[in-house]
Amino acid sequence: MIQFFQVSKRYPGGQTALDRVSFDIARGQFVFLTGASGAGKTSLLRLIFREDVPSEGQILVNGRNVSSIPPQKIPYLRRTIGVVFQDFRLISRKTVFENVTYLPRILGTDLTSQKKLAYQALRRVGLAHRLNAFPLELSGGEQQRVAIARALIHEPEILIADEPTGNLDPELSWDILRLFLEVNLRGTTVLLATHDREMIQRVGRRVLTLDAGRLILDQELQGIDPPRLEAPAEALEPPGPPVLEAAPEAGA
Amino acid sequence: MIQFFQVSKRYPGGQTALDRVSFDIARGQFVFLTGASGAGKTSLLRLIFREDVPSEGQILVNGRNVSSIPPQKIPYLRRTIGVVFQDFRLISRKTVFENVTYLPRILGTDLTSQKKLAYQALRRVGLAHRLNAFPLELSGGEQQRVAIARALIHEPEILIADEPTGNLDPELSWDILRLFLEVNLRGTTVLLATHDREMIQRVGRRVLTLDAGRLILDQELQGIDPPRLEAPAEALEPPGPPVLEAAPEAGA
Amino acid sequence: MSFLQALRAFFREAAINLARGWKVSLVAVLTITLSLFVGGAFLLVSGNLLASVERWRGEMRVVVYLQPGMAEDRVEALAGELRRGPGIAGVETVSAVAARERFQEAFPSLSDLVEGMGDEPLPPSLEVTPADPAHRPPELRAFLDSWRRRPEVSMVDDDREWLGQLENVVALLRAVGLALGVGLLVAAIFTIGSVIRLTAYLHSDEISILRLVGATEFYIRGPFYAEGFLQGLLGGFLATGFLWAGSALLHAQNPDALLTRLLAARFLTPAEAAALVGLGAGAGLVGAIASLRRERLTVAENEPAAE
Amino acid sequence: MSFLQALRAFFREAAINLARGWKVSLVAVLTITLSLFVGGAFLLVSGNLLASVERWRGEMRVVVYLQPGMAEDRVEALAGELRRGPGIAGVETVSAVAARERFQEAFPSLSDLVEGMGDEPLPPSLEVTPADPAHRPPELRAFLDSWRRRPEVSMVDDDREWLGQLENVVALLRAVGLALGVGLLVAAIFTIGSVIRLTAYLHSDEISILRLVGATEFYIRGPFYAEGFLQGLLGGFLATGFLWAGSALLHAQNPDALLTRLLAARFLTPAEAAALVGLGAGAGLVGAIASLRRERLTVAENEPAAE
Ligand SMILES: Nc1ncnc2c1ncn2[C@@H]1O[C@H](COP(=O)(O)OP(=O)(O)OP(=O)(O)O)[C@@H](O)[C@H]1O
Ligand SMILES: Nc1ncnc2c1ncn2[C@@H]1O[C@H](COP(=O)(O)OP(=O)(O)OP(=O)(O)O)[C@@H](O)[C@H]1O
Ligand SMILES: [Mg+2]
Ligand SMILES: [Mg+2]
């Protein structure tokens, strides 16, 4: 379903976001993508629905090479992919209803069906009662759930979710994860970028780990099996007096 | 330093975000604010730096009643408060340097000093090398750290951070937390809204818990003492086959 | 989605944008109104002037001035001779007395001067109406030239000469009006383009989401084209309305004044008015299309710079 | 931050905004240019006309037309009598021959008519120069009226009458120009206001951050006021430049034409030009201030609606 062959991505500024990444995700798989801040997760996801093109390498989505796809075919590729953006990308001038029904509107769905679809999608994320609110009238977590509802409004072939639970409390995170698993069960291929190791540990499944743009780990976790991700040693220590030195340079 | 007396906040749409909340935070305290998505955390924080006014009740910040403060005094109140917004609020037209130096510019600091301040603040969050990047050229976690650097550029009297580690991996989250603890040690009162129970457990300190706008818990945790927050029962169970019913209506 | 459905959606979206950003749109609409108004006004005035010229052409005469003090019967004899000339429809005699009276009417301040003199100071004349007012056949011209040289004749004055000059003036007027109208129209297209580009910029977040969700270029651009079209259409209607109001005002103020008769005898025909409105709508569409060349929208999608 | 530092910062910020959004700003600048140009042009033209009127006033004479055919010495005697009248600086005689020549010069097409007559058709006249060209003392008026009734006199013609009419025309011209200029200026203020409001809208995210970080209203609004001021200033300079260019063009094309002498004898004085530019800058500032009343910026801060 999604195949990366030696894909690299370098930005004009000189940042190397991805470095010869190769993997193959089969139809119907549920895959976690993890790695430190700036490791290249978002950059990788953006390549799949062609928000950006790779500097090197080939990407096949559904058997199609997305970097050589003709521009007028791009919309049809994108309609099969639901995306939850890390920064939500809700339009503040539009209501929640209008925000989640972009895809049905594009497809020419009539208003009644749009309303039904929107209600269903919002109910799944627990926000059916905020249909007519504007995004700025929602809490951070509610906005995130609207973004999730938008991605799920038509059951997509591929679901890409970039840190979809960063603003949610653990219970809601778990609910959303269940929702994704359920969508996955119905046949959608799911690729989910997250920092939440607890979530990955609990769910298991396949985990791709990026580090400074390189794919350093591609493991298959089993349910609640103990994850083999390196646990932060100091995280288990008592906090004690805070260390007075500045944070080390992280990221790229 | 920060006192709430029976504060309620109802939005025009009819949402009740806060319901008779009272508490008192002393100068130099380090306080966590937690609660489910839509519990009212952001609404509470916004009242402190008067981005909004309460529907009922009184709020004293540094002995000043912030809802009756004359408009022309508001800027001077705000200059003493550093805020990390849940949605970052970085200006995409401006570079990282320009984004973090708003306060020094307002105060008329000369360019050399601005550069020094920006460099110091960015180094603390590990982003000194991206001084001239634009926010859209940064990863989600990097943007969040720029927002943190902006709040810390002048050591504020009060630091308010709304979900400041939602887009950071556990190691970086810990680094940022250390940074906040360090700032707190130097005298800044810190109020930090977060969903991250692990973080709260490790650090301890005082925890305010909101639920549907009501302050339901005000506890003092000790270091690594086991937290007394109700742990989600099912979170510890194996995931098993995903439950096929929709997520329960959460939030308000 | 059917094409018609899409069109309807575009116009609804465009109308909403116009209503929300009406202050900026107003500038664009008024610019196009001004350009069409100026162009239309020149067209109207020059059209009316041309019609007057055409009418005068029908009344155009050649006047043969005779020597002063010529006897009445001699004048009549010359008139009879003229009448038999080629291409001449009729000849009327104007006596010296009638000529003086006309002069006094035309220059009242000089009236006393002419009055006080003993003899009739002005000469009698013969007013010749050509058979075809628009054209002078060569025989007629030769005939008139022969009269110019006769001793009884002091001067032959042909209206056609100054009418030709008037026609030149009207043509110039029309050219100036057209140039001004076209110049202003270009400015209007530019302004509409600016407003559309601005709307696109203000909506760049939405455009970006539409793209990412799988909207086609046609779907994304449609509302902007509709917006330009609507602005132009509105400008066209306003311009036609103002022209009509101006014309009506002239008529109401002094219905018989020369100015009214010259400039506003006739308003635009429905077809001409429709053409004016259509021109506005077309200009709006062109402005919208020009402002949304491929690069523009792409820039708005990813980049922070373009404002 | 000192006031001067702040001003410098505002103008730098405003210049950046203008450069980035120049396409929209252009519309505003050109509107104010147009308004100042039209206002300035009317001012200039009417000013020049008034100057001409003033000049003519100095040359203004009363003409006493005598009876035709009057003998030379009688004319001279009358001239001598006139010279002794009250408030009269001088009297010049114009003989019948000179009068005919003048008439032929003024109406060349009627030249033949006057020529052919036996006697001199036009009367001799006496041109009286009043001592004070601007005012007619009552004695002079009574004196002239007594001459009007004398049998030797056919008519007394006082230049002052039509000059008064010309002055009315100039006043009308000036009023129309002022009205047009003011109307356009209001439109320009409106346009500048729109552009500023738009800039504020485009920057509402930044305004919001500035507020939250503790910027004062003065600091937040400063750059927008500076932007309006700069737009108006630019418009004022452009208008002055265009006026100057138009005037120079007229001079270059036909330096001696009546039109040039009437309309463009004199360009704006430096003080007037500065006033025009200042008016533009002031209008820009007013537009900026009007567009940023308290409510506006607050709305932009929290609300999604206002576009
Ligand atoms: N448009 C861009 N231009 C230049 N550099 C960029 C751009 N987008 C991302 N980068 C850089 O590429 C690297 C990878 O970014 P990416 O957004 O893929 O990280 P990420 O894994 O999603 O991080 P996070 O967990 O913080 O969201 C980072 O160093 C980032 O600064
Ligand atoms: N401007 C607003 N208008 C109307 N309702 C609002 C507004 N802002 C917030 N709300 C509502 O008030 C409630 C509390 O919102 P708040 O943002 O304080 O929650 P929160 O605790 O910060 O949640 P999260 O963890 O998801 O950020 C929510 O139900 C939200 O929908
Ligand atoms: Mg990311
Ligand atoms: Mg919140």
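Every value quoted in this text rests on a predicted model; they were computed, and no experiment measured them.

> Mind showing me how you'd approach the overall build of chain C here?
The secondary structure content of chain C amounts to 12 helices and four strands. Within the span of chain C, comprising 307 residues, buried residues form 46% of the whole. In chain C, once contacts between residues fewer than 6 apart in sequence are set aside, the share between residues at least 24 apart is 85%. Carbon and sulfur atoms provide 64% of the accessible area of chain C, an area that totals close to 14,900 Å².

> Explain a nonpolar patch on the surface to me, please; I cannot follow it from the model alone.
Residue and element names in this part refer to chain D. The grouping of Leu-30, Phe-37, Leu-234, Leu-238 and Phe-242 at the surface amounts to a nonpolar patch, some 420 Å² of accessible area in total. Counting residues per element, the ones that place at least two in the nonpolar patch are α2 (22-59) and α9 (217-253). With three residues, the top contributor of residues to the nonpolar patch is α9. Tracing the sequence through the fold places Phe-37 in helix α2.

> Explanation requested: the interface of chain A and chain C in the structure shown.
When the parts of a complex come together, some accessible area is lost, and that lost area is often taken as the interface size. Between chain A and chain C, the contact holds 18 residues from the first and 19 residues from the second. Summing both sides of the interface, chain A and chain C together bury roughly 1,700 Å²; the carbon and sulfur share of this comes to 56%. Together, Arg78(A), Arg93(A) and Ile106(A) form the three largest contributors to the area buried by chain A at its contact with chain C, with a combined 36%. If you look at where chain A meets chain C, you find four salt bridges. With its nearest N and O atoms 3.2 Å apart, the salt bridge here joins Asp205(C) to Arg93(A). Taken together, the links from chain A to chain C amount to five residue pairs in polar contact (both at pLDDT 80 or more). Among the elements of the structure, α2 (74-78) and α4 (102-106) of chain A are those that each provide at least two residues to the side of chain A that touches chain C. Element by element, the count of residues in the side of chain A that touches chain C is highest for α4(A), at four residues.

> Explain the site of ligand 2 to me, please; I cannot follow it from the model alone.
As a matter of local geometry, ligand 2 sits amid 22 residues, with Arg130(A), Gly141(A), Glu142(A), Thr42(B) and Ser43(B) nearest to it. Positioned at a junction of chains, ligand 2 has nearby residues supplied by chains A and B. Within the contact set of ligand 2, an oxygen atom lies 3.1 Å away from a backbone nitrogen or oxygen of Gly140(A). Computed on the free molecule, ligand 2 has an accessible area of 640 Å², of which 94% lies beneath the protein chains in the complex. Counting residues per element, the ones that place at least two in the shell around ligand 2 are α6 (140-152) of chain A together with α1 (41-48) of chain B. Split by residue class, the shell around ligand 2 holds seven nonpolar, 11 polar and four charged.

> Please clarify how the sheet that holds strand β1 (residues 2-10) of chain B should be interpreted in this entry.
Remark on secondary structure: sheet strands pair via backbone hydrogen bonds, oriented parallel or antiparallel. Residues and elements named next belong to chain B. Ordered in space as β2-β1-β4-β5, the four strands form an open sheet in which the pairing is antiparallel. Unpaired on one side and paired on the other, β2 (16-25) and β5 (64-65) mark the two borders of the sheet. The pairing of β1 with strand β4 (residues 56-61) spans five bridges and is antiparallel. From the neighbouring strand, Ser-8 faces β4, where its bridge partner is Glu-56.

> What am I meant to see in the coordination of the magnesium ion (ligand 4) here?
Residues and elements named next belong to chain B. All of the protein donors around the magnesium ion (ligand 4) are Thr-42 (OG1) and Gln-86 (OE1); their distances to the metal are 1.9 to 2.2 Å. Of this pair, Thr-42 sits in helix α1 while Gln-86 sits in the loop between β6 (81-84) and α3 (96-100); the two residues are 44 residues apart in sequence, bridging distant segments of the chain. By relative accessible area, Thr-42 is classed as partly exposed at 25%.

> Looking at this model, I keep getting lost on the confidence of the model for chain C. Mind explaining?
Interpretation of the predicted coordinates at a detailed level should be avoided for regions scoring low in pLDDT. All names here are of chain C. Across chain C, pLDDT averages 77, with 81% of residues at or above 70. Helix α12 (residues 294-302) is the least confidently modelled element of chain C, averaging 43 in pLDDT, while helix α8 (residues 204-213) averages 90, the highest of any element. Low confidence marks residues 295-307, where pLDDT is under 50. Its contacts with residues over four positions away, or in another chain, come to 26 contacts. Model confidence for the complex: the whole-complex pTM is 0.75, and ipTM, which rates the interface, is 0.75.

> How should the coordination of the magnesium ion (ligand 3) be read in this particular structure?
Each protein donor to the magnesium ion (ligand 3) is listed here as Thr42(A) (OG1) and Gln86(A) (OE1); together their distances run 1.9 to 2.2 Å. Taking the relative accessible area as the measure of exposure, Gln86(A) reaches 15% and is therefore buried.

> What is the right way to read helix α1 (residues 41-48) of chain A from this model?
Note on helix geometry: an α-helix contains 3.6 residues per turn, so any two residues three or four positions apart are oriented the same way. For α1(A), the tally of buried residues reaches seven of eight residues, placing the bulk of the element in the interior. All of the buried residues along α1(A) are Lys41(A), Ser43(A), Leu44(A), Leu45(A), Arg46(A), Leu47(A) and Ile48(A).

> I keep staring at unusual backbone geometry and nothing clicks. Help me out?
Residues and elements named next belong to chain A. A positive phi is found at Gln-6, a non-glycine position, where the angle reads about 50°. Note that Gln-6 resides in strand β1 (residues 2-10). The partly exposed category is assigned to Gln-6, whose relative accessible area is 46%. Its identity is not glycine, yet Phe-88 carries a phi of approximately 65°, on the positive side. When you line up the elements, Phe-88 lands in the loop between β6 (81-84) and α3 (96-100).

> What should I look at first to understand the nonpolar core in this one?
Buried together is how nonpolar side chains tend to be arranged in soluble globular proteins. Counting residues in each nonpolar core, the largest one holds 108 residues, and the members touching the most others are Phe4(B), Phe32(B), Leu44(B), Ile48(B), Ile81(B) and Phe180(B). With eight residues, helix α7 (residues 170-185) of chain B is the largest single contributor of residues to this core. Membership of the second largest hydrophobic core comes to 107 residues, among which are Phe85(A), Ala151(A), Trp174(A) and Val183(A).

> Would you take a moment to explain the packing of aromatic side chains for this structure?
Any aromatic ring pair is given by two values, namely how distant the centres are and how the planes are angled relative to each other. In total, this model carries 16 aromatic pairs over all chains according to the counting rule given. Relative to Phe85(B), the ring of Phe49(B) has its centre 5.9 Å away and its plane inclined at 80°; by these criteria the two rings are edge-to-face. Placement of Phe49(B) in the loop between α1 and β4 and of Phe85(B) in the loop between β6 and α3 is noted, with a sequence separation of 36 residues between them. Here Phe49(B) matches Phe85(B) in class, with each residue buried. Each ring, one from Phe10(C) and one from Tyr219(C), has its centre 6.1 Å from the other, and the planes form 75°; the classification is edge-to-face.

What counts and what doesn't
- Residue positions are given per chain, counted from 1 along the sequence in the order it is written.
- Each chain is given a letter, starting from A, and each ligand a number, starting from 1, according to the order in which they appear as written.
- Restriction of local features to residues with pLDDT of at least 70 applies here, the model being predicted, together with a cutoff of 80 or more for giving and counting side-chain atom pairs; totals for whole chains, interfaces and linings are based on all residues.
- Where side-chain values are given, they derive from all heavy atoms of the structure, hydrogens and water being excluded.
- Numbering goes from the N terminus for both helices and strands, where a helix is a DSSP run of H or I of at least four residues and a strand is a run of E of at least two.
- Accessibility here uses a 1.4 Å probe with only protein chains present; expressed as a share of the type maximum, an area under 20% marks a residue as buried, one over 50% as exposed, and anything in between as partly exposed.
- A contact between two residues is defined here by any heavy atoms of the two lying within 4.5 Å.
- Each accessible area value is a Shrake-Rupley result obtained with a 1.4 Å probe; residue values ignore everything except the protein chains displayed when judging cover.
- Residues forming no salt bridge and having over 30% relative accessible area are the ones grouped into patches, like charges within 9 Å of each other and nonpolar side chains (Val, Leu, Ile, Met, Phe, Trp, Tyr) within 5 Å.
- Counted as salt bridges are all cases of a side-chain nitrogen of Lys or Arg within 4 Å of a carboxyl oxygen of Asp or Glu.
- Reported buried area values correspond to the accessible surface (1.4 Å probe) lost by two parts on association, with both partners' losses combined.
- Each polar contact in these results corresponds to two N or O atoms within 3.5 Å; when the atoms are within protein, one needs to be able to donate a hydrogen and the other to accept it, and residues that are neighboring in sequence are counted only if both atoms are side-chain atoms.
- Near residues are defined by distance, with any heavy atom within 4 Å of the molecule or strand qualifying the residue.
- Three classes are used, and their members are as follows: Ala, Val, Leu, Ile, Met, Phe, Trp, Tyr, Cys and Pro are nonpolar, Asp, Glu, Lys and Arg are charged, and the others, Gly among them, are polar.
- Here the rule is simple: two strands pair whenever DSSP picks up at least two bridges between them.
- With water excluded from the atoms, a metal site may look incomplete; its donors are any N, O or S atoms within 2.8 Å, or within 3.2 Å for Na, K and Ca.
- The predictor reports its confidence for every residue as pLDDT, a score running from 0 up to 100.
- For the purposes of this section, nonpolar cores are sets of buried Ala, Val, Leu, Ile, Met, Phe, Trp, Tyr and Cys residues that join through side-chain atoms within 4.5 Å.
- Pairing of aromatic rings covers Phe, Tyr and Trp, the last counted by its six-membered ring, and requires centre-to-centre distances within 6.5 Å; plane angles under 30 degrees mean stacked, over 60 mean edge-to-face, and any other angle means tilted.

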